[in-house]
Amino acid sequence: TARRIACDAGILPVVMNGQSEVLDLGRSKRLASIAQRRALLAAWCTCGFPDCPIPVHWTKAHHLDPWTPTGTTPGGATDLAMLLPLCERHHHVVHEGRWRITKDHRGYVFHKPDGTLHAITTPNGGGP
């Protein structure tokens, strides 16, 4: 009954085994870990770009702040809070099309190349 109610409410249960898995890697690693990918898969149903129907399983973890290695100029960390699943098309749109994504108390804020607000989204396609 609890699982049915949670499903109807859009709540996804995540069961962890006895081994703790690190979800924040700092700048020591560029690519998302298996544990981070699992966490993204649990939180998102689709690509994080607003209204994109591409399943989250077909996405890559995008750094909200560009990643830089430890010992270089400050940059983005490979921490779960700073990762967003994006499909290949939207990953290119963001990197090459000058879109900007930030995160605040409302969720993920998408700005068009001209700086205007496009949308705000949260995991599983919810609005703010």
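See the structure shown above.
The structure presented is a predicted model; accordingly, all values stated were derived computationally and were not measured. (Residues numbered from 1 in each chain as written. Predicted model: local features only at pLDDT ≥ 70, side-chain atom pairs only at ≥ 80, totals over all residues. Heavy atoms only, no water.)

Observations concerning the pattern of salt bridges
Working definition: two side chains of opposite charge can pair if their charged atoms are close together.
Now for step 1: Tallying each qualifying case throughout the model produces one salt bridge.
Now for step 2: Between Asp104 and Arg106 there is a salt bridge, and its shortest N-O distance comes to 2.7 Å.
Now for step 3: Judged by relative accessible area, Asp104 falls into the partly exposed class, the value being 29%. (Salt bridge = Lys/Arg side-chain N within 4 Å of Asp/Glu carboxyl O. Buried < 20%, exposed > 50% of the residue type's maximum accessible area, 1.4 Å probe, protein only.)

With respect to the state of the cysteines
Now for step 1: All chains considered together, the criterion is met by zero disulfides.
Now for step 2: Just so you know, Cys52 is unpaired, no disulfide at all, and the nearest cysteine sulfur is the one on Cys87, 3.8 Å from it.
Now for step 3: Given a relative accessible area of 9%, Cys52 falls into the buried group.
Now for step 4: In this structure Cys87 is a free cysteine whose sulfur lies 3.8 Å from that of Cys47, the closest cysteine sulfur available. (Disulfide = S-S within 2.5 Å.)

Things to note about the pairing of strand β5 (residues 117-121)
Now for step 1: Here four bridges tie strand β4 (residues 107-111) to β5, and the two strands are oriented antiparallel to one another. Following the sheet pairing, His111 is matched in β5 by Leu117.
Now for step 2: Between the end of β4 and the start of β5, which pair antiparallel, lie five residues, with Gly115 showing a positive phi angle near 95 degrees. (Pairing = 2+ DSSP bridges. Helix = DSSP H or I, 4+ residues; strand = E, 2+ residues; numbered from the N terminus.)

Examining the packing of aromatic side chains
Now for step 1: All told, the structure shown has three aromatic pairs when counted by the stated rule.
Now for step 2: Ring geometry for Phe49 versus Phe110: centroids 5.2 Å apart, planes at 70 degrees, classification edge-to-face. Placement of the pair is Phe49 in the loop between α2 (34-43) and β1 (60-63) and Phe110 in strand β4, with a sequence separation of 61 residues. For the pair shown, Phe49 and Phe110 are each scored as buried. (Phe/Tyr/Trp six-rings, centres within 6.5 Å; stacked < 30°, edge-to-face > 60°.)

A closer look at the pairing of strand β2 (residues 83-86)
Now for step 1: Burial of β2 is two-sided: the residues Leu83 and Pro85 facing one way and the residues Leu84 and Leu86 facing the other way are all buried.
Now for step 2: The pairing of β1 with β2 spans four bridges and is antiparallel. For His62, the partnering residue across the bridge sits in β2 and is Leu84.

So, the environment of Ala43
Now for step 1: When you line up the elements, Ala43 lands in helix α2.
Now for step 2: Look at Ala43 and you get partly exposed, because its relative accessible area is 26%.
Now for step 3: For the pair Ala43 and Asn124, spaced 81 residues apart in the sequence, the C-alpha separation amounts to 6.5 Å.
Now for step 4: In contact with Ala43, not counting residues within four places along its chain, are Pro123 and Asn124. (Contact = heavy atoms within 4.5 Å.)

Re unusual backbone geometry
Now for step 1: Even without glycine at this site, Asp51 takes up a positive phi of about 65 degrees.
Now for step 2: Assignment of secondary structure puts Asp51 in the loop between α2 and β1.
Now for step 3: Overall, the relative accessible area of 81% leaves Asp51 in the exposed class.
Now for step 4: Backbone geometry places Arg98, a non-glycine residue, at a positive phi of 65 degrees.
Now for step 5: By the secondary structure assignment, Arg98 is in the loop between α3 (88-96) and β3 (100-104).
Now for step 6: On the accessibility criterion, Arg98 (62% relative accessible area) is exposed.

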